[in-house]
Amino acid sequence: MVEEKNRKIIAAFVLAFGTFAVLIALYLDVFHREAQIRGGLLVIGLLFLLTGVRLYPVKNRKRMVNILFLLPLLAAFCITVLIPFVFGIFYSFTNWNGIKFTQFVGLNNYIQMFQAPDYLYSLFITFLFTVLNMTTVNVMAFALALLCTSGVRGKNFYRASFFLPNLIGGIVLGYVWQFIFNKVFPSLLKGSVSMLTDPNLALIAILIVSTWQYAGYIMMIYVTGLQSVPKDILEAAGVDGAGRFQTLIHMKLPMIANTFTVCIFLTLVNSFKQFDLNFAITNGAPSRILGAKAIASTEFLALNIFNTAIAKNQYALGQTKAVVFFVILAMVSMTQVYFSKKKEVEL
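> Hey, could you go over the overall build of the protein for me, with residue numbers and the actual values?
If you tally the helices and strands in the protein, you get 14 helices and two strands. Since a compact globule built from 347 residues should have a radius of gyration of about 20 Å, the 27 Å found for the protein marks it as more spread out than a globular shape. When the backbone C-alpha atoms are referred to their principal axes, the protein occupies close to 80 × 65 × 35 Å. Within the protein, the proportion of its 347 residues that are buried is 34%. Within the protein, residue pairs in contact and separated by at least 24 positions form 69% of the contacts whose partners lie at least 6 positions apart.

Pasting the structure below:
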């Protein structure tokens, strides 16, 4: 008991010293202190932390080893995601210019954001696009999945062909389709103009490209769900006289309800965060007159945040919009998952 107690004291001291060294190194780095020892302090601190974890007497040594191996991943997550997110919330209450801030402004950034007509319109058009894109992608993907699991000849070729657009980068794909809408379609249809010149048709153009690109990816998930349905159940339904449509509605759909939850979640999040296609195809154009003011008719929220922070050099306001963007996306996605899971239980 005495030896275990002494070991705990030594381990606690080593952990405390390691934590202190890491915090000092992070302080020197965050506040840009010109100190050459910060790198050495960080390495020494991490070594002491690992040694302290190793020395600390625990009954379940395997659990400690697992935690030890998780530390690099957790550290990377904290450095690249968690810490920037916390700093982003903090900067949204300041006049941050991308490098430093001079004063706190409270809720002024949030008030300014919700008073801006272009932001409110971007919020509306993003929700509209999300609903339309989520519907078209899932309907198209499920139809393609039914085709690829129906026993048709060359189904593997169809799967690869339908999935191929998803492998093309969004920026490249956007510029290719921009050329098609501006040059190819008007030349084929004499007397017509580009869809990208009309505020309403430009949104439909982005919807077409997004569905064409993403439906093949979602199709593969639906194919996996449909193939997981037990064949003996389908054969029993056929013996009882159920047709293909009845089997689909009353057998397959309830049994792949969890697949619908995953696919709807993925398409919802992807649609809400749409940026690359929006940037490459229209970059927010064309303009629409709203309340005697010109508004970018196809500027989704992600592009609006980018333009605010980068193009207009309003980093604090852009960060404020990014925080609200995260909150809205989290609320919408969690609500969707909750109701989808509830529907799974009912089915």
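Don't stop here, the text continues.
> Describe the environment of N138, with residues and values.
Within the element layout of this structure, N138 appears in helix α5 (residues 117–148). C-alpha separation for the pair N138 and L23, spaced 115 residues apart in sequence, amounts to 48 Å.

> Could you give me a rundown of the packing of aromatic side chains, with the residues and numbers involved?
On inspection of all chains with the given rule, the structure shows 30 aromatic pairs. Three or more aromatic residues joined by ring pairs make a cluster, and in this case those are F87, F90, Y91, W96, F101, F104 and Y315.

> So what's going on with helix α2 (residues 38–55)? Which residues, and what values?
Since the α-helix turns once every 3.6 residues, residues separated by three or four places project in the same direction. The end-to-end C-alpha distance of α2 is 25 Å, a good match for the 26 Å that 18 residues give at a rise of 1.5 Å each. Among the residues of α2, those classed as buried are G45, G52 and V53. Burial along α2 is one-sided: seen end-on, the buried residues are contained in an arc of 95°.

> Summarise the packing of helix α10 (residues 244–255) against helix α11 (residues 257–272); cite the residues concerned and give the values.
Working note: a packed helix pair is described by the angle between its axes plus the distance between those axes. Where α10 contacts α11, the two axes come as close as 4 Å, and the packing angle between them is 60°. In terms of their interaxial angle, α10 and α11 are classed as oblique. Contacts between α10 and α11 involve L253, P254 and M255 from the first element and A257, N258 and F260 from the second. A class-by-class count of the residues in the contact of α10 with α11 yields five nonpolar, one polar and no charged.

> Just give me the short version of unusual backbone geometry, but keep the residues and values in it.
Here A285 and P286 are connected by a cis peptide whose omega angle stands at -5°. Structurally, the position occupied by P286 is in the loop between α12 (276–281) and β1 (287–289). The backbone of N283 shows a phi angle near 55°, a positive value even though the residue is not glycine. Residue position: N283 is located in the loop between α12 and β1.

> Outline the environment of L266, supporting the account with residue identities and numerical values.
Among the structural elements, L266 can be located in helix α11. L266 sits in the partly exposed class, given a relative accessible area of 25%. A C-alpha to C-alpha distance of 21 Å links L266 and C148, two positions 118 residues apart in sequence. Aside from chain neighbours lying at most four places away, what touches L266 is Y214, Y217, I218 and I221.

> Tell me what's going on with the pattern of salt bridges, and back it up with residues and numbers.
One pass over the structure, following the stated rule, counts one salt bridge. With a closest N to O distance of 3.7 Å, D118 and K312 form a salt bridge. Residue D118 is found in helix α5, and its partner K312 is found in the loop between α13 (301–311) and α14 (315–346); the two are separated by 194 residues along the sequence. Looking at D118, the relative accessible area reads 16%, which means it is buried. Overall, K312 belongs to the partly exposed group, its relative accessible area being 48%.

> Could you give me a rundown of the environment of S228, with the residues and numbers involved?
Turning to its location among the elements, S228 is positioned in the loop between α8 (199–227) and α9 (231–239). In this structure the C-alpha to C-alpha distance between S228 and A311, which are 83 residues apart in sequence, comes to 49 Å. A polar contact of 2.5 Å, which involves the side chain of S228, links it to the backbone oxygen of G225.

> Can you break down the side chain of S92 residue by residue, with the values?
As for its position among the elements, S92 is in the loop between α3 (61–91) and α4 (108–115). Beyond its immediate sequence surroundings of up to four residues, S92 is in contact with G106, N109, Y110, A316, Q319, T320 and V323.

So, how was this worked out
- Residues numbered from 1 in each chain as written.
- Predicted model: local features only at pLDDT ≥ 70, side-chain atom pairs only at ≥ 80, totals over all residues.
- Heavy atoms only, no water.
- Helix = DSSP H or I, 4+ residues; strand = E, 2+ residues; numbered from the N terminus.
- Rg over C-alpha atoms; globule rule 2.2 N^0.38 Å.
- Buried < 20%, exposed > 50% of the residue type's maximum accessible area, 1.4 Å probe, protein only.
- Contact = heavy atoms within 4.5 Å.
- Phe/Tyr/Trp six-rings, centres within 6.5 Å; stacked < 30°, edge-to-face > 60°.
- Expected span 1.5 Å × (residues − 1).
- Arc of directions from axis to C-beta.
- Axes fitted to C-alpha atoms, helices over the stretch in contact; angles between N-to-C directions.
- Parallel < 35°, antiparallel > 145°, perpendicular 65-115°, else oblique.
- Nonpolar A, V, L, I, M, F, W, Y, C, P; charged D, E, K, R; others polar.
- Salt bridge = Lys/Arg side-chain N within 4 Å of Asp/Glu carboxyl O.
- Polar contact = N/O pair within 3.5 Å; in protein donor to acceptor, adjacent residues only side chain to side chain.

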